[in-house]
Amino acid sequence: MGDRAAVVGAGITGISAAIWLARAGWRVTLIDRGRPGEAQQASYGNAGVLARSSVVPLAMPGLAWQLPRLAADPGGPLFLRRSGLGRLIPWGIALMANATEARARAISAVLARLTTDAIDQHAALAEGTGPERHLRRGEWLWLYRDEAAFRRDARGHALRQAAGFACRPCDMAALGRADPALGPAIGHAVAYPDHGWITDPGAYMAALGQAFAARGGQIVTAEVVAVAPGRVTLRGGAELAAERIIIAAGIWSRPLAEALGLRVPMISERGYHLMLRNPSAMPPVPCMVAGPRVVATPMEGGLRLAGIVELAATEAPPDEAPVALLRRTLRQVWPGLVWTDEEVWMGHRPSTPDSLPLLGEIPGAPGVICAFGGQHVGLTIGPRLGRMAARIARGLAPDIDPGPLAPGRFARRGRGA
Ligand SMILES: Cc1cc2nc3c(=O)[nH]c(=O)nc-3n(C[C@H](O)[C@H](O)[C@H](O)COP(=O)(O)OP(=O)(O)OC[C@H]3O[C@@H](n4cnc5c(N)ncnc54)[C@H](O)[C@@H]3O)c2cc1C
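It should be emphasised that the depicted structure is a prediction, and the values quoted were computed from it without experimental measurement. (Residues numbered from 1 in each chain as written. Predicted model: local features only at pLDDT ≥ 70, side-chain atom pairs only at ≥ 80, totals over all residues. Heavy atoms only, no water.)

Draft legend 1. Examining the overall build of the protein more closely. The helix and strand tally for the protein stands at 14 helices and 19 strands. Computed over C-alpha atoms, the radius of gyration of the protein comes to 20 Å, within 12% of the 22 Å expected from 2.2 N^0.38 for 417 residues, which places it in the range of a compact globule. By principal-axis analysis of the C-alpha atoms, the protein measures approximately 60 × 45 × 40 Å. Considering only contacts in the protein between residues 6 or more positions apart, those separated by 24 or more positions represent 76%. Surface exposure of the protein reaches about 16200 Å², of which carbon and sulfur atoms provide 54%. Separation between the mean location of the 45 positive side-chain charges and that of the 34 negative ones in the protein comes to 4 Å. (Helix = DSSP H or I, 4+ residues; strand = E, 2+ residues; numbered from the N terminus. Rg over C-alpha atoms; globule rule 2.2 N^0.38 Å. Contact = heavy atoms within 4.5 Å. Areas by Shrake-Rupley, 256 points an atom, 1.4 Å probe, with all protein chains shown as cover. Lys, Arg positive; Asp, Glu negative; His and termini not counted. Charge placed at Lys NZ, Arg CZ, Asp CG, Glu CD.)

Pasting the structure below:
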């Protein structure tokens, strides 16, 4: 077995793989078009929540009749644009095949194995380095208009409970004292204990990059145009040799893996954030506003509202309607809030039809390993996914059954996991 590895993509997954391989004594080159922590990464702009209890797959029973209603609802989290429909249709058909009670339960159990130790995985990744200062532990709140709205969400909460994540109702008066900007639109809330969040995802990623470099890891700023067993080709023609190559390029992993013959029915679930600098108040812990599915997270740089699922081509420009929904949600839930500056951002959740990532060696491409597809929980599971990819690169078995994550699963059955 060799000891030289190349990792394509310096998002949370790639950087974790790179750090764990470097800790094992490997010579590692981490290649990215940009620097770790820059805005091209989903790992930069996410809501920052280490959502251990997010074990509810996208495809749930009843999705077929909910989708048209969701797509037509201007106050809902789903935005459909015509661009990208070509890829969306086969993905959507595969998604529907997973929208059964049995599949939802099976997928949820795998997700739980990936998410359950997320906080410890982040702590282990960042241990002894600067990045650990961005890691916070705390509750994860879900905010509802009233108790009836909470009850309508029962199926998701039941799946979380089955995975060992039980919530408790909040005392609304105490919540109002802890979050003085919270308005009367919220009449019911529940809290999931033992969660966490990253207080500045961009700075966290940059600091992890520095920690990797401090261990002797090499960071190359270049675009990878092709991967083959033993070799990575950069734009301009330069080549880099490595016994093991990990593809961890988020949504952009797809063309690199497909060129090796792998079927990757993965699309971008585009999401947005609105970062409010110097807000007059902030909730003390991350909150999910349940109707529009907008997350509000207190961060070092201010209050971040993030969410939206926009189904459109990866390369299509950002749109204004999703940002307008973030603003409306802000006005409804925290009506009196003021701030000085703001940032709007759009990024890509790499999403498969079974809500599970691809992890493992690509069939027919010895030494080339997939580690992508973290969808809505890619920040949460990134350290574990990268660490498991590093173990596979070293010839070791991952510490959880990788079967449901096998990269070839879509070729074998043409759908689902
Ligand atoms: C609005 C929003 C909110 C979210 N909130 C949360 C949350 O609260 N909690 C959570 O767990 N997850 C959340 N996510 C999801 C999470 O951010 C992603 O799933 C995760 O960051 C994906 O990480 P990654 O390492 O796979 O990819 P990325 O972070 O996207 O990194 C991929 C990297 O690969 C590089 N790259 C791509 N192609 C090439 C190439 N050919 N050559 C060189 N470099 C290349 C890119 O430049 C990039 O740096 C959210 C996502 C969005 C959009």
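Draft legend 2. Representation of the site of the ligand within the structure. Taken together, 35 residues surround the ligand, and among them Asp32, Ser43, Val49, Gln375 and Thr380 come closest. A distance of 2.8 Å is found between a nitrogen atom of the ligand and a backbone nitrogen or oxygen belonging to Val224. Residue assignment for the shell around the ligand shows that the elements contributing at least two residues are α1 (12–23), α2 (42–45), β13 (267–277), β17 (341–351) and α13 (378–393). At 4 residues, the largest contribution of residues to the shell around the ligand is made by β17. (Near = heavy atom within 4 Å. Polar contact = N/O pair within 3.5 Å; in protein donor to acceptor, adjacent residues only side chain to side chain.)

Draft legend 3. Seen up close, a nonpolar patch on the surface. Together, Leu85, Ile89 and Ile93 make up a nonpolar patch on the protein surface, roughly 280 Å² of accessible area in all. As for its position among the elements, Ile93 is in helix α4 (residues 85–97). (Patch = residues over 30% accessible without salt bridge, like charges linked within 9 Å, V, L, I, M, F, W, Y side chains within 5 Å. Salt bridge = Lys/Arg side-chain N within 4 Å of Asp/Glu carboxyl O.)

Draft legend 4. Fine view of the packing of α1 against helix α6 (residues 118–126). Here α1 crosses α6 at 55°, and the two axes come no closer than 10 Å. In terms of their interaxial angle, α1 and α6 are classed as oblique. Crossing angle aside, the handedness with which α1 passes α6 is left-handed. Counted together, Ile12, Ser16, Ile19, Trp20 and Arg23 of α1 and His122, Ala124 and Leu125 of α6 form the full contact between these two elements. For the contact of α1 with α6, the class distribution of residues is 5 nonpolar, 2 polar and 1 charged. (Axes fitted to C-alpha atoms, helices over the stretch in contact; angles between N-to-C directions. Parallel < 35°, antiparallel > 145°, perpendicular 65-115°, else oblique. Left-handed = near helix turned anticlockwise from the far one by under 90°. Nonpolar A, V, L, I, M, F, W, Y, C, P; charged D, E, K, R; others polar.)

Draft legend 5. Main features of the sheet that holds strand β1 (residues 4–8). Taken in spatial order, the 6 strands of this open sheet run β8-β2-β1-β12-β19-β18, and their pairing is mixed. Looking at strand neighbours, the two that pair on one side only are β8 (218–221) and β18 (358–361), the edges of this open sheet. Between one strand and the next, the sheet's axes are offset by a mean angle of 20°, whatever the strand orientation. Here strand β2 (residues 27–32) pairs with β8 via 4 bridges, running parallel. Looking at β8, one finds that Leu30 is bridged to Ile219. Relative to the sheet, α13 contacts β12 (244–247), β18 and β19 (368–372), its axis offset from that of β19 by approximately 170°. (Pairing = 2+ DSSP bridges.)

Draft legend 6. Broad picture of the packing of α6 against α13. Packing of α6 against α13 leaves a shortest axis separation of 8 Å and a crossing angle of 60°. What the angle tells us is that α6 and α13 run oblique. Where α6 crosses over α13, the handedness of that crossing is left-handed. Side by side, α6 and α13 meet where Ala118, Gln121, His122, Ala124 and Leu125 of the first sit next to Leu379, Thr380, Pro383, Arg384 and Arg387 of the second. Class assignment of the residues belonging to the contact of α6 with α13 gives a composition of 5 nonpolar, 3 polar and 2 charged.

Draft legend 7. Representation of the pairing of strand β10 (residues 231–234). Sheet analysis places strand β9 (residues 224–228) next to β10, joined by 4 bridges and oriented antiparallel. Counterpart to Val224 in the pairing with β10 is Leu234. Linking β9 to β10, which pair antiparallel, is a turn of 2 residues; within it Gly230 sits at a positive phi near 85°. As paired elements, β10 and strand β11 (residues 239–241) share 3 bridges and run antiparallel to each other. Bridged to Arg231 within β11 is Ala241. Between β10 and β11, which pair antiparallel one after the other, the connecting turn spans 4 residues, and Gly236 there sits at a positive phi close to 105°.

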